[in-house]
Amino acid sequence: MIALVEKFCGTLLGTHTGDALGMPLEGASPGSIQKNYGQVREMLDARLGVGTYTDDTEMMIALAESLVRCRGVNGADLAQAYLENFNPLRGYGAGTRKALELLRSGVSWEEAGKRVFEQGSYGNGASMRIAPVGCLYSRDLEKLKEAVHLSSVITHAHPWGEEGALLQAYAVALAVQADPWQEIDVDHFLASLESVLDEGSPFREKLQAMQRLLPGEPGIEEVVLELGNDSRTVTSVPAAIFSFLKNAADFEETVVYAVGLGGDTDTIAAMAGAIAGGFHGKPAIPERWLTRLERGAKGADYIERLARELYDLYTDFYPHA
Ligand code: F2R
Ligand code: MG
Ligand code: MG
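Residues numbered from 1 in each chain as written. Chains lettered and ligands numbered in written order. Predicted model: local features only at pLDDT ≥ 70, side-chain atom pairs only at ≥ 80, totals over all residues. Heavy atoms only, no water.

Teacher, can you tell me more about the layout of surface pockets here?
Gaps left between atoms are located by rolling a probe of water-molecule size over the structure's atoms. Empty space within the largest pocket amounts to approximately 350 Å³. Mapped onto the lining of the largest pocket, the elements with two or more residues apiece are helix 3 (55-70), helix 5 (94-104), helix 7 (125-128) and helix 16 (265-280). Among the elements that take part in the lining of the largest pocket, helix 5 stands out by supplying 3 residues, more than any other. (1 Å grid on protein atoms, 1.4 Å probe; cavity = no way out; pocket = protein on both sides within 12 Å on 5 of 7 lines; lining within 4 Å. Points joined across faces, edges and corners; volume = space filled by probe spheres on them. Helix = DSSP H or I, 4+ residues; strand = E, 2+ residues; numbered from the N terminus.)

Explain the coordination of the magnesium ion (ligand 3) here, please?
Geometrically, a metal with four donors at the corners of a regular tetrahedron has ideal angles of 109.5 degrees, and one with six donors at the corners of a regular octahedron has ideal angles of 90 or 180 degrees. Taken together, the protein ligands of the magnesium ion (ligand 3) are Glu-26 (OE), Asp-264 (OD), Asp-266 (OD) and Thr-267 (OG1), with distances of 2.0 to 2.3 Å. Metal-centred angles of 78 to 179° between the 6 donor atoms at the magnesium ion (ligand 3) mark the site as octahedral. Here the donor residues of the magnesium ion (ligand 3) share one chain and are spaced in sequence as E-x237-D-x1-D-T. In this model, the magnesium ion (ligand 3) sits 3.6 Å from the magnesium ion (ligand 2), the two metals being bridged by Asp-266. You'll find Asp-266 and Thr-267 in the same group, each marked buried. (Donors = N, O, S within 2.8 Å, 3.2 Å for Na, K, Ca; no water. Tetrahedral: all angles 85-135°; square planar, octahedral: opposite > 155°, others 65-115°. Buried < 20%, exposed > 50% of the residue type's maximum accessible area, 1.4 Å probe, protein only.)

Looking at this structure, how should I read the site of ligand 1?
Around ligand 1 lies a shell of 23 residues, among which Gly-95, Thr-96, Ser-121, His-156 and Asp-264 are the nearest. A distance of 2.7 Å separates an oxygen atom of ligand 1 from a polar atom in the side chain of His-156. The pocket occupied by ligand 1, as judged from atoms lying within 2 Å of grid points, is the largest pocket. Listed by contribution, the elements that provide at least two residues to the shell around ligand 1 are helix 3, helix 5, helix 7 and helix 16. Of the residues assigned to the shell around ligand 1, the class counts are 5 nonpolar, 12 polar and 6 charged. (Near = heavy atom within 4 Å. Polar contact = N/O pair within 3.5 Å; in protein donor to acceptor, adjacent residues only side chain to side chain. Sits in = over half its atoms within 2 Å of the grid points. Nonpolar A, V, L, I, M, F, W, Y, C, P; charged D, E, K, R; others polar.)

Honestly, the packing of helix 14 (residues 233-246) against helix 16 in this entry has me stumped. Any pointers?
Axis angle and axis distance: for two packed helices, these are the angle between their axes and the distance between the axes, and together they describe the pair. Packing of helix 14 against helix 16 brings their axes to within 8 Å, and their N-to-C directions diverge by 40°. Taken together, the axes of helix 14 and helix 16 are oblique relative to one another. As helix 14 packs across helix 16, the resulting crossing turns out to be right-handed. Contacts between helix 14 and helix 16 pair Ser-236, Val-237, Ala-239, Ala-240, Ile-241, Ser-243 and Phe-244 from the former with Ile-268, Met-271, Ala-272, Ile-275, Ala-276 and Phe-279 from the latter. Here the residues of the contact of helix 14 with helix 16 are counted per class, giving 11 nonpolar, 2 polar and no charged. (Axes fitted to C-alpha atoms, helices over the stretch in contact; angles between N-to-C directions. Parallel < 35°, antiparallel > 145°, perpendicular 65-115°, else oblique. Left-handed = near helix turned anticlockwise from the far one by under 90°. Contact = heavy atoms within 4.5 Å.)

What's the story with the coordination of the magnesium ion (ligand 2) in this structure? I'm lost.
Every protein donor of the magnesium ion (ligand 2) is accounted for by Thr-54 (OG1), Asp-55 (OD), Asp-56 (OD) and Asp-266 (OD), and the metal-donor separations fall at 2.0 to 2.3 Å. Along the chain, the residues donating to the magnesium ion (ligand 2) fall in the pattern T-D-D-x209-D.

Please clarify how unusual backbone geometry should be interpreted in this entry.
The bulk of non-glycine residues show a negative phi, and the bulk of peptide bonds are trans. The backbone phi angle of Arg-71 is positive, close to 55°, even though this residue is not glycine. Its identity as a non-glycine residue notwithstanding, Phe-117 has a phi of 55°, on the positive side. Within the element layout of this structure, Phe-117 appears in the loop between helix 6 (109-112) and helix 7.

I would appreciate a short explanation of the side chain of Lys-206 in the present structure.
Considering the arrangement of structural elements, one finds Lys-206 in helix 12 (residues 203-213). With no salt bridge to any partner, buried Lys-206 finds its closest opposite charge in Glu-205, at an N-O distance of 5.4 Å. Every residue in contact with Lys-206, bar those within four places of it in the chain, is listed here: Glu-226, Leu-227, Val-234, Thr-235 and Pro-238. (Lys, Arg positive; Asp, Glu negative; His and termini not counted. Salt bridge = Lys/Arg side-chain N within 4 Å of Asp/Glu carboxyl O.)

I tried to follow the packing of helix 9 (residues 141-152) against helix 10 (residues 159-177) on my own but got confused; where do I start?
Relative to each other, helix 9 and helix 10 sit at 135°, their axes nearing to 9 Å. With respect to helix 10, the axis of helix 9 lies oblique. Viewed along their axes, helix 9 and helix 10 form a crossing whose handedness is right-handed. Contacts between helix 9 and helix 10 pair Leu-141, Leu-144, Lys-145, Val-148, His-149 and Ser-152 from the former with Glu-162, Ala-165, Leu-166, Ala-169, Tyr-170 and Ala-173 from the latter. For the contact of helix 9 with helix 10, the per-class residue count stands at 8 nonpolar, 2 polar and 2 charged.

I would appreciate a short explanation of the state of the cysteines in the present structure.
Should the sulfur atoms of two cysteines be covalently bonded, the bond is a disulfide. One pass over the full model with this rule turns up 0 disulfides. Of the cysteine sulfurs around Cys-135, a residue in no disulfide, the closest is that of Cys-9, at 9.1 Å. (Disulfide = S-S within 2.5 Å.)

Is there a simple way to explain the nonpolar core in this structure?
Across soluble globular proteins, nonpolar side chains have a tendency to be buried as a group. One finds Val-133, Leu-144, Phe-189, Leu-193, Ile-241 and Phe-244 to be the most contacted residues of the largest nonpolar core, which totals 108 residues. Ranked by the residues each element gives to this core, the list is headed by helix 10, at 11 residues. When neighbours within four sequence positions are excluded, Leu-144 is seen to be in contact with Val-133, Gly-134, Tyr-137, Leu-166, Ala-169, Tyr-170 and Ala-173. (Core = buried A, V, L, I, M, F, W, Y, C linked by side-chain atoms within 4.5 Å.)

Looking at this model, I keep getting lost on the side chain of Lys-7. Mind explaining?
Checked against the element boundaries, Lys-7 lands in helix 1 (residues 4-22). It is Asp-179 that comes nearest to the buried, bridge-free Lys-7 among opposite-charge side chains, at 7.0 Å. There is a polar contact of 2.8 Å between the side chain of Lys-7 and the backbone oxygen of Ala-178. For Lys-7, the contacting residues outside a window of four places in its chain are Ile-2, Ala-175, Val-176, Ala-178, Pro-180, Gly-277, Gly-278, Phe-279 and Gly-281.

So what exactly am I meant to see when it comes to the pattern of salt bridges here?
Side chains bearing opposite charge may pair, as long as their charged atoms lie close to each other. Counted under the stated rule, the structure contains 19 salt bridges. The residue Lys-282 makes a salt bridge to Glu-304 at a minimum N-O spacing of 3.0 Å. One end of the pair, Lys-282, is in the loop between helix 16 and helix 17 (287-290); the other, Glu-304, is in helix 18 (residues 300-317), and 22 residues separate them in sequence. When salt bridges that share partners are traced, they join Arg-41, Glu-42, Glu-252, Glu-253 and Arg-288 into one network.

Take a look at the structure:
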């Protein structure tokens, strides 16, 4: 068995790795990626440099810091952490920027996310950062649900924005608690995910589409047509989960596949990387990628330290796990 602490490190560094690999191609079509790069297996140059992360990882860092500091989700502290970590150069979504501005102007953390779009955002911003919650509460679905709600609502109050984050967090949780030496039971994995969805959830038909697509060899175009690849949570979270289930045996193949789907490449690859990293653990992340990840004050070494602190907290919560 791989040590659980390596799985926590794999989850958080998997987010950074997928984010950095996908970022230079965010917004590109699958066809143009295929034409210009074939498969993207090496870190490309990016606007902040090779291996740098974007808002996906920056917000994940804020969430992990606050979880460790407060021993769980504290809405006020977490809102402050999102604000303190915010670097506009990392490329934030418009809705999240607006929620952060509202917070900065004094609007409460319970209220800010509700004032974005009509009924809150259903962008993938709450899902892309949720990996630390998936790790910490991987043994307790009720606590996981509560932590997803509290950490999401600050910027993504729309029910779909939250439900996508729940689906992604639970996928991470299932991966973290699974034995990587055993083949993933796809039917069981999808049924478990379905069990957390609301009755009329738009994610249900996406899980059904995955069930249809997984046994065959669908082309990228068909996968994108069925699941989507944009920055709404209802398309990108299923795309990330599919990337993992289609390539569950290998971290690298999961993340390369996710980038190849095009569209919101940094985010789909970050979320796929979190699930695959949680399943396989840090040792499965290719060394040639790890060495290229951003260093510095809140770079990859810091992210790994956060993952270890999160694991210490987990062992306090579940001493007999
Ligand atoms: N923002 C980007 N990438 C473009 C900027 C990068 C650029 N290259 C640069 O140099 O700066 N990426 C990041 O944004 C996505 C996460 O978005 P988030 O945080 O969820 O933002 P938002 O705006 O809330 O939602 C995204 C879009 O979804 C649609 N949408 C959401 N809720 C809606 C609603 N209620 N009604 C209608 N539309 C809604 C909108 O189109 C939003 O803009 C990630 O890709 C991250 O990497
Ligand atoms: Mg991003
Ligand atoms: Mg993105």
